[in-house]
Amino acid sequence: MATTAAMTLSSDLMTGALSASANSTLMKAGTTADGLDQMRMGYNKIPTGTSFDLLDATTAGIDKAAKVYICNESTDETYYVTIVIDAKTIGRLYGGDWMFIPWNQDDATHDLEVTATNGTNNITWICFHEGETLGTQDDS
């Protein structure tokens, strides 16, 4: 089973239109023969001040491929969540923002943590990964 991600980016910030498209087959670590074969997904309502591990890294995930999609579906653009991996801030997702990133579980401390600010944030997430490499997810 192969999983494919596609993205199109358009902008009107310049006088001429800017457009870029990219496709990628999400592959297992170190191979081009097999695609990622597992998926975990969820929806969480995260109140202001709440911080929890959206995905827990495990030692079984070391040297395994994982890609994560996170979307803040809140309709208030002043609501946001901060995304942190291994105590390093990746960035903020404001209401309506999304991200798609590779997730490196090079040790069991690289949990993917989400902290909410300015109201209850509605978060949809999907993790595409190879094999059963993920720990339990902390539901709020």
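Here we summarise the structure given alongside this text. Bear in mind that the values here come from a model prediction, so they are computed numbers and not experimental data. (Residues numbered from 1 in each chain as written. Predicted model: local features only at pLDDT ≥ 70, side-chain atom pairs only at ≥ 80, totals over all residues. Heavy atoms only, no water.)

In any sheet, the strands associate via hydrogen bonds between backbone groups, in a parallel or an antiparallel arrangement. The 4 strands are arranged β4-β9-β6-β7 in an open sheet whose pairing can be described as antiparallel. The open sheet has two edge strands, β4 (51-55) and β7 (88-94), and neither has a second partner. Taken over all neighbouring pairs, the strand axes of this sheet differ in orientation by 30° on average, direction set aside. In this sheet, strand β9 (residues 112-117) lies alongside strand β6 (residues 80-85) in antiparallel orientation, the contact comprising 6 bridges. Directly across from Val-84, in β9, lies its bridge partner Glu-113. (Pairing = 2+ DSSP bridges. Helix = DSSP H or I, 4+ residues; strand = E, 2+ residues; numbered from the N terminus. Axes fitted to C-alpha atoms, helices over the stretch in contact; angles between N-to-C directions.)

With that out of the way, let us pick up the packing of aromatic side chains. By the definition in use, this model includes 2 aromatic pairs. Ring centres of Tyr-69 and Trp-98 lie 6.3 Å apart, and the angle between their planes is 35°; on these two criteria the pair is classed as tilted. Pair noted here: Tyr-69 is in strand β5 (residues 66-72) and Trp-98 is in strand β8 (residues 98-102), with a separation of 29 residues, a long-range link. A relative accessible area of 45% means that Trp-98 is categorised as partly exposed. A centroid spacing of 5.0 Å and a plane angle of 50° characterise the contact between Tyr-80 and Tyr-94, whose relative ring orientation is tilted. With Tyr-80 in strand β6 and Tyr-94 in strand β7, the pair connects residues that are 14 residues apart, well separated along the chain. Since its relative accessible area comes to 12%, Tyr-80 is described here as buried. (Phe/Tyr/Trp six-rings, centres within 6.5 Å; stacked < 30°, edge-to-face > 60°. Buried < 20%, exposed > 50% of the residue type's maximum accessible area, 1.4 Å probe, protein only.)

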